[in-house]
Amino acid sequence: MKGFLQQLFDYNFFCNKKLIEQFTATEQLPEISCRLFDHILNAHHIWNHRILDKIPEFEVAQSHEIKDWYEIHYENQRTSFEIITTTSDFSRRIDYVNSKGNAYGNELKDILFHIINHATHHRGQILVDMRNHKMEPPVLDYIFYKR
């Protein structure tokens with residue numbers, strides 16, 4: 001499980017880095033894409049903090065300067081890798097309160113997979129938004145990453 005989760009987080013890191021590189025080199029960024037990417041970063045940060053039973057520094061819809069995206073992304077990745085590396089029980093239950101104040105609990109492995117799946121979902125939305133703004137999005141399919 002550890003190895004597979006590390007591979008998924010490597011893939012997630014690669015995809016987000018590609019978007020950051022493209023967005024950094026683009027003069028006029030689509031507003032929706034920026035909001036979605038901020039949300040990807042914020043949600044990853046929040047889930048890491050829930051796992052570690054810490055108070056998050058970011059809110060779900062918080063905006064960031066594009067120049068800060070890579071640092072936030074790197075810290076999210078580093079923290080997730082630390083969680084994966086030091087965990088011996090991926091079925092451990094994590095209790096948390098969501099952004100609406102509702103209490104839930106899920107197994108760690110499901111939360112870690114959710115972080116990846118959530119980011120993939122929103123990256124898909126970003127790629128559509130980029131195409132709608134006549135931008136050529138990077139190829140981010142997992143199989144292309146693995147080739």
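What to know about helix α2 (residues 31-51)
In an α-helix there are 3.6 residues to a turn, and that puts residues three or four apart on one side.
Thought 1: Here α2 is 21 residues long and its end C-alpha atoms lie 30 Å apart, about the 30 Å a rise of 1.5 Å per residue gives.
Thought 2: The buried fraction of α2 amounts to 18 of the 21 residues, a majority that puts the element mostly inside the structure.
Thought 3: At the C-terminal side of α2, Asp53 shows a positive phi close to 55°.

Here we look at the nonpolar core
Thought 1: Formed by 20 residues in total, the largest nonpolar core has its most connected members in Leu19, Phe23, Phe37, Trp69, Ile126 and Met130.
Thought 2: Elements that contribute at least two residues to this core include exactly α1 (2-24), α2, α3 (69-86) and α4 (108-132).
Thought 3: In this structure Trp69 touches Ile20, Phe23, Cys34, Phe37, Asp38, Leu41 and His64, once residues within four positions along its chain are discounted.
Thought 4: Of all hydrophobic cores here, the second largest spans 15 residues; its members include Ile83, Ile94, Leu112 and Ile115.

A closer look at the packing of aromatic side chains
Thought 1: Inspection of the entire model under this criterion finds 10 aromatic pairs.
Thought 2: Judged by centre distance (4.8 Å) and plane angle (90°), the rings of Tyr11 and Tyr142 are edge-to-face. Of this pair, Tyr11 sits in helix α1 while Tyr142 sits in helix α5 (residues 142-146), and the two are 131 residues apart along the sequence.
Thought 3: Accessibility expressed as a relative area gives 7% for Tyr11, which makes it buried.
Thought 4: What links up through ring pairs into an aromatic cluster is the set Tyr11, Phe14, Tyr142 and Tyr145.

About the thresholds
- Residues numbered from 1 in each chain as written.
- Predicted model: local features only at pLDDT ≥ 70, side-chain atom pairs only at ≥ 80, totals over all residues.
- Heavy atoms only, no water.
- Helix = DSSP H or I, 4+ residues; strand = E, 2+ residues; numbered from the N terminus.
- Expected span 1.5 Å × (residues − 1).
- Buried < 20%, exposed > 50% of the residue type's maximum accessible area, 1.4 Å probe, protein only.
- Core = buried A, V, L, I, M, F, W, Y, C linked by side-chain atoms within 4.5 Å.
- Contact = heavy atoms within 4.5 Å.
- Phe/Tyr/Trp six-rings, centres within 6.5 Å; stacked < 30°, edge-to-face > 60°.

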